[in-house]
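Survey of secondary and tertiary structure
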Amino acid sequence: MPTLNYSKQRQAILDHLQSRKDHPTAEMIYHTLRKSMPNLSAGTVYRNLGLLTELGQVKKLTGLDGVDHYDGDVSAHSHFICQCCGKVDDVFFDADALLNEKAAEHYDGSITSHHVYFYGTCKACLKNKKEK
Ligand code: ZN
Ligand code: MN
């Protein structure tokens, strides 16, 4: 297989991320892509994820569980992490809307961002618990 040039590698990383809904870590992305792109290095994956995040083409989820996760869906939505199995799910509800403005009403400075994550037990884990 020929070595892909830099922009093609970046596109492959973006395409792959947009094809999965499980909010993988850089490590998970690297391990999956390496199977079809043997010349890919972990550094390239990390560097391109950083670049794609800066370009606003992917979303980096920081502070969920100690390791950064990535989302190929940059539309406004929230995230849920299961405290039982660790899976990261989408919650199609924009918890961020207006929150900066609301907080700014109570703070004499400029507020530009915040993190809201939901925690609990996912549907599969709930079902599992019931069956035990
Ligand atoms: Zn779960
Ligand atoms: Mn998401």
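Below is a short write-up of the structure. (Residues numbered from 1 in each chain as written. Chains lettered and ligands numbered in written order. Predicted model: local features only at pLDDT ≥ 70, side-chain atom pairs only at ≥ 80, totals over all residues. Heavy atoms only, no water.)

**So, unusual backbone geometry**
Even without a glycine there, the phi angle at His23 is positive, about 50°. With respect to the helices and strands, the residue His23 is situated in the loop between α1 (6–19) and α2 (26–33). The residue Leu98 is not glycine, and still its phi comes out positive at about 70°. The residue Leu98 is located in the loop between β4 (88–91) and α4 (99–104) in this model. On the basis of relative accessible area, Leu98 is assigned to the exposed category, the value being 56%. (Helix = DSSP H or I, 4+ residues; strand = E, 2+ residues; numbered from the N terminus. Buried < 20%, exposed > 50% of the residue type's maximum accessible area, 1.4 Å probe, protein only.)

**Remarks on the coordination of the zinc ion (ligand 1)**
Note on the zinc ion (ligand 1): its protein donors are Cys82 (SG), Cys85 (SG), Cys122 (SG) and Cys125 (SG). The metal-donor distances range over 2.2 to 2.3 Å. Given four donor atoms and angles of 105 to 117° at the metal, the environment of the zinc ion (ligand 1) is assigned as tetrahedral. Along the chain, the residues donating to the zinc ion (ligand 1) fall in the pattern C-x2-C-x36-C-x2-C. Here Cys82, found in strand β3 (residues 78–82), pairs with Cys125, found in helix α5 (residues 123–131); they are 43 residues apart in sequence, far enough to count as distant. For the pair Cys82 and Cys125, one class covers both residues: buried. (Donors = N, O, S within 2.8 Å, 3.2 Å for Na, K, Ca; no water. Tetrahedral: all angles 85-135°; square planar, octahedral: opposite > 155°, others 65-115°.)

**Considering the nonpolar core**
Grouped together as the largest cluster of nonpolar side chains are 15 residues, with contacts concentrated most on Ile29, Val45, Leu49 and Tyr70. At the level of secondary structure, the elements contributing two or more residues to this core comprise α1, α2 and α3 (42–54). Counting residues in hydrophobic clusters, the runner-up holds five residues, among them Leu64, Ile81, Val88 and Tyr117. (Core = buried A, V, L, I, M, F, W, Y, C linked by side-chain atoms within 4.5 Å.)

**Remarks on α2**
When we look at burial in α2, the residues that qualify are Ala26, Ile29, Tyr30 and Leu33. The arc enclosing the buried residues of α2, seen along the axis, measures out at 100°, which places them on a common side. Its buried side turned inward, α2 meets α1, α3 and β2 (69–71). (Arc of directions from axis to C-beta. Contact = heavy atoms within 4.5 Å.)

**With respect to the coordination of the manganese ion (ligand 2)**
Distances from the manganese ion (ligand 2) to its protein donors, His23 (NE2), Asp71 (OD), His77 (NE2), His79 (NE2) and Asp90 (OD), fall within 2.0 to 2.3 Å. In terms of primary sequence, the donors binding the manganese ion (ligand 2) are separated according to H-x47-D-x5-H-x1-H-x10-D. With Asp71 in strand β2 and Asp90 in strand β4, this residue pair connects regions lying 19 residues apart in the sequence.

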